[in-house]
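A structural walkthrough
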Amino acid sequence: MTDLRRRYARRHVASRAGLYLAAILAALICAAPFLWSIVTAFKQNRDLYNPENNPFRYNRPATSDHVLYLFDNTSFTTFAWNTLWVGVLVVVITLSLGLPAAYALARLDRPWAGWFGVAIFLVYLVPPSLLFLSLSRLVVGLGLQDSTWSLVLIYPTITIPVSIWLLIGFLKAVPRDIEEQAMVDGFSRLAAFWRAVVPLTFPGIVAVVVFAFTLTASEFIYALAFVSPTTEKVLSTGVPTELVRGDVFFWQSLQAATVLAAIPIAIVFNVFLDRFIAGFTQGAVKG
């Protein structure tokens, strides 16, 4: 009996060790591009352009010149600020329109409600090139060409459809009894939705916020077509246009810009990661 227990304990330890090693290996593979960007941002030119050097370590002393170049010789801070306020406004607009629409579709007792939700999601799959001409006419008609406000107008057309689709799944996981009980207690339908339903869909709201903001920060086609002045550009277009000059690429500064733009989003996402995972788990159990 003792031998069986020892053998079982060894197998358990070996299986757990194998699981942790696999997880560490997967994490390193996923993080390799990000680690490479961090290392590259502080490399000297003679270190970076030598193909015989190891790309993941400093073969010559590290330097911060290329990171400082990003702040001193480009409008990176302007691009970052434009990206931030555009992203925040797009998120607010997306939630203001997407959350009520998703709630209505999740609670409608109509046979066409499901198909209507699918149709809204299919709008997200329409290629931007097909909508470019009509959206450009809209931007010009409103006098928003070469203005960052044109992006605030255009981006919700991309974020709202898929956000509605995401929120419908979370709202369907919330039992109707919760809001019905709130209305029995004297709340109106709107108050019951705000005080009883919205807190339970917080993980879905976090998912929509992260999705809408990252999509806004990474979108390139509309930002390039509708905004030309340097003072109005966002990160996705401003950084490449200032750090890619003909056949000259400022690789270290480009990688530094990538890291500086990604870190805040990653931190915010990880702050709400537990709630995000808990919401998916609870939704699966309720379903």
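Conventions and cut-offs
- Residues numbered from 1 in each chain as written.
- Predicted model: local features only at pLDDT ≥ 70, side-chain atom pairs only at ≥ 80, totals over all residues.
- Heavy atoms only, no water.
- Helix = DSSP H or I, 4+ residues; strand = E, 2+ residues; numbered from the N terminus.
- Buried < 20%, exposed > 50% of the residue type's maximum accessible area, 1.4 Å probe, protein only.
- Areas by Shrake-Rupley, 256 points an atom, 1.4 Å probe, with all protein chains shown as cover.
- Patch = residues over 30% accessible without salt bridge, like charges linked within 9 Å, V, L, I, M, F, W, Y side chains within 5 Å.
- Salt bridge = Lys/Arg side-chain N within 4 Å of Asp/Glu carboxyl O.
- Lys, Arg positive; Asp, Glu negative; His and termini not counted.
- Charge placed at Lys NZ, Arg CZ, Asp CG, Glu CD.
- Expected span 1.5 Å × (residues − 1).
- Phe/Tyr/Trp six-rings, centres within 6.5 Å; stacked < 30°, edge-to-face > 60°.
- pLDDT = per-residue confidence, 0-100.
- Contact = heavy atoms within 4.5 Å.
- Polar contact = N/O pair within 3.5 Å; in protein donor to acceptor, adjacent residues only side chain to side chain.
- Axes fitted to C-alpha atoms, helices over the stretch in contact; angles between N-to-C directions.
- Parallel < 35°, antiparallel > 145°, perpendicular 65-115°, else oblique.
- Left-handed = near helix turned anticlockwise from the far one by under 90°.
- Nonpolar A, V, L, I, M, F, W, Y, C, P; charged D, E, K, R; others polar.
- Bend = angle between axes of the 7 residues up to and from the residue.

Turning our attention to the overall build of the protein chain. Counting secondary structure elements, the protein chain contains 15 helices and two strands. With the C-alpha coordinates aligned to their principal axes, the bounding extent of the protein chain is approximately 85 × 70 × 30 Å. Within the protein chain, the fraction of its 287 residues that count as buried is 33%. Summed over all atoms, the accessible surface of the protein chain reaches about 17,100 Å², with 68% contributed by carbon and sulfur.

Let us now look at a positive patch on the surface. A cluster of basic residues, Arg6, Arg7, Arg10 and Arg11, forms a positive patch on the protein surface. Residue arginine 7 is classed as partly exposed on the basis of its relative accessible area of 42%.

Using the criterion set out here, one finds one salt bridge in the structure. Put simply, lysine 43 and aspartate 47 hold a salt bridge, and the shortest N to O gap is 3.9 Å. Given a relative accessible area of 1%, aspartate 47 falls into the buried group.

Mapped onto the secondary structure, alanine 261 falls in helix 14 (residues 251-271). For the pair alanine 261 and serine 236, spaced 25 residues apart in the sequence, the C-alpha separation amounts to 9.9 Å.

Okay, helix 8 (residues 156-172) next. Taking 1.5 Å of rise per residue, the 17 residues of helix 8 would be expected to cover 24 Å, and the 23 Å separating its terminal C-alpha atoms lies within 8% of that figure. For helix 8, the buried fraction is high: twelve of the 17 residues fall into the buried class.

Our next topic: the packing of aromatic side chains. Throughout the structure, instances matching the rule amount to six aromatic pairs. On the numbers, 5.0 Å between centres and 55° between planes, the contact of tryptophan 85 with tryptophan 149 is tilted. With tryptophan 85 in helix 4 (residues 76-107) and tryptophan 149 in helix 7 (residues 149-154), the pair connects residues that are 64 residues apart, well separated along the chain. By relative accessible area, tryptophan 85 is classed as buried at 18%.

Quick look at unusual backbone geometry now. Backbone geometry at aspartate 146 places phi at a positive 60°, although glycine is not the residue there. Here aspartate 146 is to be found in the loop between helix 6 (128-141) and helix 7. Overall, the relative accessible area of 36% leaves aspartate 146 in the partly exposed class.

Let us look at the side chain of serine 147. Positionally, serine 147 belongs in the loop between helix 6 and helix 7. A residue is classified by how much of its surface remains accessible, and serine 147, at 16% relative accessible area, is buried.

With 92% of its residues at a pLDDT of at least 70, the protein chain reaches an overall mean of 82. Mean pLDDT per element in the protein chain: helix 15 (residues 273-286) is the minimum at 53, and helix 7 is the maximum at 92. The low-confidence segment residues 282-287, where pLDDT is below 50, has three contacts with residues more than four positions distant or belonging to other chains.

Its place among the elements puts threonine 94 in helix 4. A distance of 2.6 Å separates a polar atom in the side chain of threonine 94 from the backbone oxygen of valine 90. Not counting the four nearest positions on each side in its chain, threonine 94 is found in contact with Leu99, Thr159, Ile160, Ser163, Val208 and Ala212.

Below, the discussion takes up the packing of helix 4 against helix 13 (residues 235-243). Packed helix pairs are specified by the crossing angle of their axes together with the interaxial distance, meaning the distance between the axes. It is the contact of helix 4 with helix 13, at a shortest axis distance of 8 Å, that shows an interaxial angle of 165°. Judged by the inter-axis angle, helix 4 sits roughly antiparallel to helix 13. Here helix 4 runs over helix 13; the crossing is right-handed. Between helix 4 and helix 13, the residues in contact are Phe76, Phe79, Ala80 and Thr83 and Leu235, Gly238, Val239 and Glu242, respectively. Grouping the constituent residues of the contact of helix 4 with helix 13 by class yields five nonpolar, two polar and one charged.

What follows is about helix 6. When the terminal C-alpha atoms of helix 6 are compared, their 19 Å separation across 14 residues agrees well with the 20 Å that a helix rising 1.5 Å per residue should span. A maximum bend of about 35° is found in helix 6 at serine 134. The complete set of buried residues in helix 6 reads Leu135, Ser136 and Val139. Turning to helix 6, the residues buried within the fold contact helix 7 and helix 12 (221-226). Once helix 6 finishes, glycine 143 follows within two positions and takes phi at roughly 70°, a positive value.

Viewed as axis vectors pointing N to C, helix 13 and helix 14 meet at an angle of 165°, and their least axial separation amounts to 10 Å. Comparing the axis directions of helix 13 and helix 14 gives the class roughly antiparallel. Judged by the sense of rotation from one axis to the other, the crossing of helix 13 with helix 14 is right-handed. Residue-level contacts link Leu235, Val239 and Leu243 of helix 13 to Ser253, Leu254, Ala257 and Ala261 of helix 14. Split by residue class, the contact of helix 13 with helix 14 holds six nonpolar, one polar and no charged.

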